[in-house]
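# Structure at a glance
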Amino acid sequence: MNTITQYGPLAIALGAFVEGETAVLLGGAGLALGLFDFWTVVGAAFAGSMAGDQFFFWLGRLKGSAYLAGHPRFGTRVARVGDLLLRHRLPLLGTYRFIYGMRGVIPFAFGVSDLCWRFFLAANLFTATLWSVLITLLGLHAGKFLTDPSVVARLPLLGAGAALLFGLGMLVRGRFKARP
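Residues numbered from 1 in each chain as written. Predicted model: local features only at pLDDT ≥ 70, side-chain atom pairs only at ≥ 80, totals over all residues. Heavy atoms only, no water.

## Remarks on the side chain of S49
Looking at the element boundaries, S49 is found in helix 3 (residues 38–70). Among the residues examined, S49 registers a relative accessible area of 0% and is labelled buried. When neighbours within four sequence positions are excluded, S49 is seen to be in contact with A16, F17, R97, R103, A128 and W131. (Helix = DSSP H or I, 4+ residues; strand = E, 2+ residues; numbered from the N terminus. Buried < 20%, exposed > 50% of the residue type's maximum accessible area, 1.4 Å probe, protein only. Contact = heavy atoms within 4.5 Å.)

This is how it looks when you write it as structure tokens:
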């Protein structure tokens, strides 16, 4: 238990650097178990998220053009998307961290584009703060829910119900696929 409380914030920061949600949700669940302080989890999530997004932005800014020059087919696609990125930069900057698999791609693409680095930094500060608090709170409430004895007692029943629904869904899918 001591190892978790000692290295947990570092693990949360590293997880947030890479892709994020899972590590921060687990950190939030650790709050429900009394392993962490709320602001420690939020701070670790914020630091990792900011560092990751800034890293990919600057990687795109410093090495993106050389990478795209070596991959011309990919480069033409990125050029077409670059205009779209800049035209819709505010909604994208506000939501990309909630889109699975895009946490490194979109900052890299913004780095390759003509977006001002100060604008990206300011947007990243705001959205990393909001994301860190929201995901930590979600993890906290999920942790409280899952540590409630009445919920834990019903988990096998919930699992059986989920398996039944999944099986029915696969059966229905198979029936529709089989039709001409």
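The discussion continues.
## A short note on the pattern of salt bridges
Evaluation of the coordinates by the stated rule reveals 1 salt bridge. Its salt-bridge partner being D53, residue R97 comes within 2.8 Å of it at the nearest N-O pair. Of this pair, R97 sits in the loop between helix 5 (89–95) and helix 6 (105–112) while D53 sits in helix 3; the two residues are 44 residues apart in sequence, bridging distant segments of the chain. Residues R97 and D53 agree in their burial class; the two are buried. (Salt bridge = Lys/Arg side-chain N within 4 Å of Asp/Glu carboxyl O.)

## Quick notes on the UniProt feature "transmembrane region" (unreviewed entry) in the chain
When the UniProt feature table is mapped onto this chain, "transmembrane region" (unreviewed entry) is found at residues 12–32, 38–59, 119–140 and 152–172. Helix makes up 90% of residues 12–32 and strand 0%, and the two end C-alpha atoms of the span are 16 Å apart. As annotated, residues 38–59 comprises 100% helix and 0% strand, and the C-alpha atoms at either end are separated by 32 Å. (UniProt positions renumbered as here; feature names shortened; annotations may be inferred.)

## Quick word on a nonpolar patch on the surface
A contiguous nonpolar patch, built from F98, F126, L130 and L134 and spanning about 410 Å² of accessible area, is present on the exposed surface. Relative to the assigned elements, L130 resides in helix 7 (residues 117–147). (Patch = residues over 30% accessible without salt bridge, like charges linked within 9 Å, V, L, I, M, F, W, Y side chains within 5 Å. Areas by Shrake-Rupley, 256 points an atom, 1.4 Å probe, with all protein chains shown as cover.)

## A few points about the packing of helix 1 (residues 2–18) against helix 2 (residues 21–32)
Between two packed helices, both the angle of their axes relative to each other and the distance between the axes serve to describe the pair. In contact at an axis separation of 7 Å, helix 1 and helix 2 are set at 150° when each is read in the N-to-C sense. In terms of axis orientation, helix 1 runs roughly antiparallel to helix 2. Touching A11, I12, G15 and A16 of helix 1 are A23, V24 and G27, all from helix 2. Across the contact of helix 1 with helix 2, the residue classes break down as 5 nonpolar, 2 polar and no charged. (Axes fitted to C-alpha atoms, helices over the stretch in contact; angles between N-to-C directions. Parallel < 35°, antiparallel > 145°, perpendicular 65-115°, else oblique. Nonpolar A, V, L, I, M, F, W, Y, C, P; charged D, E, K, R; others polar.)

## Observations concerning the packing of aromatic side chains
Scanning all chains against the criterion turns up 8 aromatic pairs. Plain terms: the ring middles of F17 and F55 are 5.9 Å apart, the flat faces sit at 45° to each other, and that makes the pair tilted. Of the two residues, F17 is situated in helix 1 and F55 in helix 3; the sequence distance between them amounts to 38 residues. The class for F55 is partly exposed, based on a relative accessible area of 42%. Note on F17 and F56: the rings are 6.5 Å apart at their centroids and 40° apart in plane angle, and the pair reads as tilted. Residue F17 is found in helix 1, and its partner F56 is found in helix 3; the two are separated by 39 residues along the sequence. Judged by relative accessible area, F17 falls into the partly exposed class, the value being 27%. (Phe/Tyr/Trp six-rings, centres within 6.5 Å; stacked < 30°, edge-to-face > 60°.)

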